[in-house]
Amino acid sequence: MNILVTAGPTRESIDPVRFISNRSSGKMGYAIASAAHSRGHSVRLVSGPVSLPVPSGVDVVSVESAAQMHAAVVESLPKCNVLIMSAAVADWRPGTVNTRKLKKHTMDGCLLLERTTDILQEIRPLKGDRLFVGFAAETHDVIAEAERKLKEKGLDLIIANDVSARDSGFAVDTNRVTLIDTRGNIERWPLLSKTEVAKRLLERVERSCCWTRP
Ligand code: CTP
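Residues numbered from 1 in each chain as written. Predicted model: local features only at pLDDT ≥ 70, side-chain atom pairs only at ≥ 80, totals over all residues. Heavy atoms only, no water.

*Asks:* Looking at this structure, I do not really get unusual backbone geometry. What am I missing?
*Replies:* With phi around 45°, Asp141 is a residue other than glycine that occupies positive phi space. In this fold, Asp141 is placed in the loop between strand 9 (131–138) and helix 4 (142–152). For Cys210, which is not glycine, the phi dihedral falls at a positive 55°. Residue Cys210 is classed as exposed on the basis of its relative accessible area, which comes to 70%. (Helix = DSSP H or I, 4+ residues; strand = E, 2+ residues; numbered from the N terminus. Buried < 20%, exposed > 50% of the residue type's maximum accessible area, 1.4 Å probe, protein only.)

*Asks:* So what exactly am I meant to see when it comes to the layout of surface pockets here?
*Replies:* The probe, sized like a water molecule, is rolled over the atoms to show the empty space still left. For the largest pocket, the calculated volume is near 1100 Å³. The set of elements that each furnish at least two residues to the lining of the largest pocket consists of helix 1 (27–38), helix 3 (119–123), strand 9, helix 4 and strand 10 (157–162). Top element by residues in the lining of the largest pocket is strand 9. It accounts for 5 residues. Tallied by class, the residues present in the lining of the largest pocket amount to 19 nonpolar, 16 polar and 11 charged. Approximately 160 Å³ is the volume found for the second largest pocket. What lines the second largest pocket is Asn2, Ile3, Leu4, Ser42, Val43, Arg44, Asp59, Glu75, Ser76, Lys79 and Cys80. Of all the elements in the fold, those that place two or more residues in the lining of the second largest pocket are strand 1 (2–7), strand 4 (42–47) and helix 2 (66–76). Among the residues making up the lining of the second largest pocket, the classes are represented as 4 nonpolar, 3 polar and 4 charged. (1 Å grid on protein atoms, 1.4 Å probe; cavity = no way out; pocket = protein on both sides within 12 Å on 5 of 7 lines; lining within 4 Å. Points joined across faces, edges and corners; volume = space filled by probe spheres on them. Nonpolar A, V, L, I, M, F, W, Y, C, P; charged D, E, K, R; others polar.)

*Asks:* Just checking my understanding: could you explain helix 2 for this structure?
*Replies:* Residues that lie three or four places apart on an α-helix share one face, since the helix turns once every 3.6 residues. Along helix 2, the residues classified as buried are Ala66, Met69, His70, Ala72, Val73 and Ser76. Mapping the buried residues of helix 2 onto a view down its axis gives an arc of 165°, with all of them on the same face. Summarising the contacts, the buried residues of helix 2 are in contact with strand 1, strand 2 (12–15), strand 4, strand 5 (59–62), strand 6 (82–85) and helix 3. (Arc of directions from axis to C-beta. Contact = heavy atoms within 4.5 Å.)

The following block contains the structure:
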């Protein structure tokens, strides 16, 4: 299959030296891209800024902002059967991007923000028969929030994870996730390495697409 994966954070510029971002390390998305390649899929990885080696055999498109990630996803979508949106896309960006470094004596401490594009919402009309998988990074009401996002974003599958736990979520090598599908099935997986989560997720995606390894 042709699998499109997004990973990492996005960065939204304030000026040439400052930005708004989040704590995503990209580890989960990179593990998914690597696992997909080793299972024989053709993989494109749209990656925000991370400090991880490029997974071998994977076509990486590097982006910085949510707008660039949106454009790269729209450009890559026609060739893919499966989209796995594991990126932590920034939800806000500064209303104005300054081309010169802001000087502290000119700042009153307020930064006006505007919403970035919700990539999954925007591409919903382009879904067709593709399988769309989302992630829900939550600190509370984890399952309820993930179920809401599954419906609102028109996904087939969502992976919920509690990012407030030390051993799951941002920057660590393990994750404890719950898979929720549109039939209301809720599967709680134990604490696993991100590599193992990626492998199990791909097995699940392959089953959903009735794909068998050649
Ligand atoms: N996502 C997206 N575009 C955005 C924000 C998020 O496509 N601008 C995707 C993420 O890649 C993820 C899913 O939507 O697959 C859920 O992201 P999450 O950050 O958990 O939720 P939000 O949509 O940002 O909602 P909230 O702020 O209410 O938690």
